[in-house]
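# Observations on the model geometry
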Amino acid sequence: MSNPSPESNGVSGNPDSLSLGTNSLAGGTPAATEARELSVVVPFYNPGASVGTVVAELLHQFDSAGIDGEVIAVDDGSTDGSGRSVAALDDDRVTVITLPVNSGKGAALRAGFRLSNARYVGMIDSDGDISPRHLIEYRELAVKSGCPIVIGSRGAPGSQNHVSGKRRLMSEAYSGLVALLFDVRIHDTQVGCKLFDAAALQQILPRLTENRFVVDLEMLVVAAELGIGPIVEAPVEVRRVTGSTIKPTTVLRMVIDTLALYRRRRQDQSAQHELEADSMSLDVPSGPRSVELFGVAVTDEHPYDFVSRCTREFAADRKRRTVLAMHITALNAIDQPGVRDGLAAADYLHADGVSVSIIAKCAGARAIAAIPTTDLGPRYLHELAALQGRPVRVAILGGEPGIAQAAGDALARDHGVDIVMTEHGFQDDWQPVLDELRLSEPDVVFVGLGMPLEALWVQQWLSELPDAMIITCGGWLRLLSGDETRAPAWLLRLHLEFAWRWATDFKRTNARYSRGIKTVAVGCAGALRSRRSVAAKQRSLAP
C-alpha cells in the first residue's frame, strides 16, 4: 500500500489515520479555515499513474478557471504504489487519505466527502476516462441555475461516448434495470463525474450505506427520496482508456448490489411509513435505528457515521459521553453480573468486529459494518480536532505498565494530539488516578482494560469521570505501543484479523475465540428466530 510522502498534505503511517481537518460535512462548528469554492474527491484503487495525471489536471483546471479548489485523493488500499504519483505533486491543495484495506468506492467516497470543506463538492474517477474540466463546467452550471446536483450523463445532448460497443450495451442494459427498479427519472446514474451542493450532500451523506460501485446510484436515489432537486444531467465526454475494462464478475456484482439496494430502500420506506403511522399516537424516539443483541440495543449505523455523530454531539455541549464497543469478548461475558447493564448504560454503543456484525446482520441491521475500534480510534481524534479547532487532549488508562505511555507517544507522533495523562490498568486504588484525570482536563479518555472489565469500570466510576469522551478501546493500546502487530493486509480485507490473532497468540486468545464461535451461533439463531416471530405477528395483524 502506498502512503503519501511526509511532505504531502496527507495521512500516512498508520493506515487508519484519516485526517478529517476542516470537514464542513461533519456537522457542528467547522474549524477556522474558510470553505473553498470547490472540493473534488478522487477515489482510487490500483489505477497506476493515471490518478496522478487526473489530480494534476484538476489543479490545472482550478488555475485556469481562477477557482479556489482542493483535491482529496482517497487511496482505497492500493497495492501498486499509485499513491506516489499523487504525493509527488507536492501541492498544498491536495490531501491524500489512505484506507487500511480495500473497502470499495462507496467507502472511499464517504471518507473523502467527510473531509471536504467547500461550497460545492465533486467526485471523479481516477482512470482518466473523463476530463476534470467537466467539473468546472458543472460548477458554473450549478452557480447559474441554482440546481443542487449536476451529473455527467452519456444520454445528455452533446455527450460523446468513445467506449466499446460492448460496454455501451452494458451501460444501456443497466440503465434499463435502474429505470425499472427506482423512481429517479435519470437516464445515466453511473458516470463517475458528479457535483453536489454541500448542503445537499450534507443531507445525503448520513444515509449512504453502499460500499461498492452502486454508491453512484444510491446517492441519486437518496436525493430523490429527500426531494433534493432538480438533478441536472449534463454533457460528458467519456474517453476510451487503455486497460480500463469491466470484468463479467464486476457486472454481476453490480447487478446483485443494485437488487440489494432496491430491497434496502423498500425496507427503509416501509419502516418509515410504519414510523409515521405510529407517531400519530406514540412518542417516537429520535436518532438512528438500533438492533437488539442479547437484550442490549446496539446502534445500527455505519461506524464512520457513528464516530461523526459522537464527536459532533460532544463538541456541541462538552458534556461527558461514554462510548462503548460491543465485541465478541463482551458477548461471551454478557450473562456475568453487571455486564449487560454496563453495556446498556453507555451513551453510545456500537458493534465492534466481524463476529458481532454477523449477529447484527441476522438481527436485521442494515448499516453496521465489520470495522473494529482499532480502525476508529484515530477518526475520533481527527474529527474532534476539526470541530474544536485545536489538538485533542488525550488521557490513556489501561494495559500493563509502560503500554499506555508507549501508546500515547504513538498517538502524539502520528496524530498530533496532546497527551495529558497515562496510567496502567493494574491499579490497587483508582481514586488518586481519577483525581489526577479530572485535573488534566482531557477531551478524550481511552480506557483499555479489556472487556468486560472496561464496561464495568466505566459504570462503577462514572460520576468521578471528567466531561470528556470516555471511549473503551480494548486491545488497541497494545497495537499502538507496538506490543502486538496487525494482520497482513489480505486478511484485513477478508475481515479475518481474528484468525491471525488466534494463530499467532493462541495461548492468550484461544478461550475467547473458541467460546466466540458458540456465541455467534447462539446469537444468530436467536436473532433469526426473533425476526421470524415478529414477521409472523405482523402478518397475523395485517388486514
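Please read all numbers here as calculations on a predicted model, not as lab measurements. (Residues numbered from 1 in each chain as written. Predicted model: local features only at pLDDT ≥ 70, side-chain atom pairs only at ≥ 80, totals over all residues. Heavy atoms only, no water.)

### Considerations on the overall build of the protein
- What the protein contains, in helices and strands, is 20 helices and 18 strands.
- The burial tally for the protein puts 52% of its 543 residues in the buried class.
- The contacts of the protein with a sequence gap of at least 6 include a subset with a gap of at least 24, amounting to 78%.
- Per element, the accessible surface of the protein, about 23,700 Å² overall, is 53% carbon and sulfur. (Helix = DSSP H or I, 4+ residues; strand = E, 2+ residues; numbered from the N terminus. Buried < 20%, exposed > 50% of the residue type's maximum accessible area, 1.4 Å probe, protein only. Contact = heavy atoms within 4.5 Å. Areas by Shrake-Rupley, 256 points an atom, 1.4 Å probe, with all protein chains shown as cover.)

### Let's talk about unusual backbone geometry
- The omega angle of the peptide bond from G229 to P230 is 5°, so this bond is cis rather than trans.
- Following the sequence through the fold, P230 ends up in the loop between α7 (215–226) and β9 (231–234).
- Of note, the amide linkage connecting M451 to P452 takes the cis form, showing an omega dihedral of 5°.
- Topologically, P452 is positioned in the loop between β17 (444–448) and α16 (453–460).
- The phi dihedral of F294 is positive, around 55°, even though this residue is not glycine.

### A word on the nonpolar core
- In terms of nonpolar packing, the biggest core is built from 44 residues, with M326, L343 and W457 touching the most fellow members.
- Contact partners of M326, with chain neighbours within four places excluded, come to L293, V296, V298, L331, L343, L349, H350, A351, D352 and V356.
- Residues I97, L99, L109 and L201 belong to the second largest nonpolar core, which totals 38 residues. (Core = buried A, V, L, I, M, F, W, Y, C linked by side-chain atoms within 4.5 Å.)

### Remarks on the sheet that holds strand β16 (residues 418–423)
- One open sheet holds the 6 strands; their spatial order is β14-β13-β18-β17-β15-β16, and the pairing between them is parallel. Edge positions in the sheet fall to β14 (348–351) and β16, since each of these pairs with one other strand and no more. Across the sheet, the mean angle from the axis of one strand to that of its neighbour is 20°, orientation sign disregarded.
- Sheet analysis places strand β13 (residues 321–326) next to strand β18 (residues 469–472), joined by 3 bridges and oriented parallel. The partner of R321 across the bridge, within β18, is M469.
- The sheet strands contacting helix α15 (residues 431–440) are β15 (393–398), β16 and β17, and the helix crosses β16 at an angle near 175°. (Pairing = 2+ DSSP bridges. Axes fitted to C-alpha atoms, helices over the stretch in contact; angles between N-to-C directions.)

### Some details on the environment of P132
- Of note, P132 is situated in the loop between β5 (118–124) and α4 (133–145).
- Spatially, the C-alpha atoms of P132 and A56 are 9.6 Å apart, while their sequence positions differ by 76 residues.
- Every residue in contact with P132, bar those within four places of it in the chain, is listed here: V54, E57, L58, Q61 and I124.

### Digging into the packing of aromatic side chains
- In total, this model carries 7 aromatic pairs according to the counting rule given.
- Aromatic side chains F182 and Y262 sit 6.0 Å apart centroid to centroid with 80° between the ring planes, which places their arrangement in the edge-to-face category. Of this pair, F182 sits in the loop between α5 (165–181) and β8 (193–197) while Y262 sits in helix α8 (residues 248–278), placing them 80 residues apart in sequence.
- Residue classification places F182 among the buried positions, given a relative accessible area of 9%.
- According to the relative accessible area criterion, Y262 is partly exposed, its value standing at 27%.
- Joined through ring pairs, the aromatic side chains of F498, W502 and Y513 make up one cluster.
- Cation over ring: R379 sits above Y304, and NZ or CZ is 3.6 Å from the ring centre. (Phe/Tyr/Trp six-rings, centres within 6.5 Å; stacked < 30°, edge-to-face > 60°. Lys NZ or Arg CZ within 6 Å of the ring centre and 35° of its normal.)

### Here's the deal with the packing of helix α3 (residues 105–115) against α7
- Interaxial distance between α3 and α7 falls to 9 Å at its minimum, and their mutual angle equals 60°. On the basis of the axis angle, α3 is oblique to α7. Only V215, D216 and M219 of α7 make contact with α3, whose side of the interface consists of K105, G106, L109 and F113.
- In terms of residue class, the contact of α3 with α7 is built from 4 nonpolar, 1 polar and 2 charged. (Parallel < 35°, antiparallel > 145°, perpendicular 65-115°, else oblique. Nonpolar A, V, L, I, M, F, W, Y, C, P; charged D, E, K, R; others polar.)

### Some words on the packing of helix α9 (residues 303–317) against helix α13 (residues 373–388)
- Running from amino to carboxyl end, α9 crosses α13 at an angle of 40°, the nearest separation of the two axes being 9 Å. Overall, the two elements α9 and α13 adopt an arrangement that is oblique. Considering the relative orientation of α9 and α13, their crossing is right-handed. On α13, the residues that touch P303, Y304, F306, V307, S308, C310, T311, R312, F314 and A315 of α9 are L376, R379, Y380, E383, L384 and L387. (Left-handed = near helix turned anticlockwise from the far one by under 90°.)

### Describing the pairing of strand β3 (residues 69–75)
- Taken across its 7 residues, β3 has 7 buried, putting it largely inside the fold.
- Of the two faces of β3, the one lined by G69, V71, A73 and D75 and the one lined by E70, I72 and V74 are each fully buried.
- Bridging between strand β2 (residues 36–44) and β3 involves 7 bridges; their strand directions are parallel. Along β3, the bridge assignment pairs F44 with D75.
- One crossover worth recording links β2 to the parallel β3 by way of helix α1 (residues 50–65), and it is right-handed.
- Bridging between β3 and strand β4 (residues 94–98) involves 5 bridges; their strand directions are parallel. Opposite V71, over in β4, you have V94 as the bridge partner. (Right-handed = clockwise from strand over helix to strand, strands pointing away.)

### Focus: the pattern of salt bridges
- Under the criterion given, the structure shown has 32 salt bridges.
- The salt bridge involving R508 is made with D505; its shortest N-O contact spans 2.7 Å.
- Several salt bridges share partner residues, and in doing so they unite E400, R478, D483, E484, D505 and R508 into one network. (Salt bridge = Lys/Arg side-chain N within 4 Å of Asp/Glu carboxyl O.)

### Things to note about the confidence of the model for the protein
- When pLDDT is averaged across the protein, the result is 84; 87% of the residues are at 70 or more.
- Mean pLDDT in the protein bottoms out at strand β1 (residues 9–10), which sits at 46, and peaks at β18, which reaches 97.
- Here residues 1–32 is a poorly scored stretch, pLDDT under 50, and it has 100 contacts once near neighbours within four places are set aside; other chains count.
- Note on residues 273–285: pLDDT under 50 across the span, and 4 contacts to partners over four residues away in sequence or across chains. (pLDDT = per-residue confidence, 0-100.)

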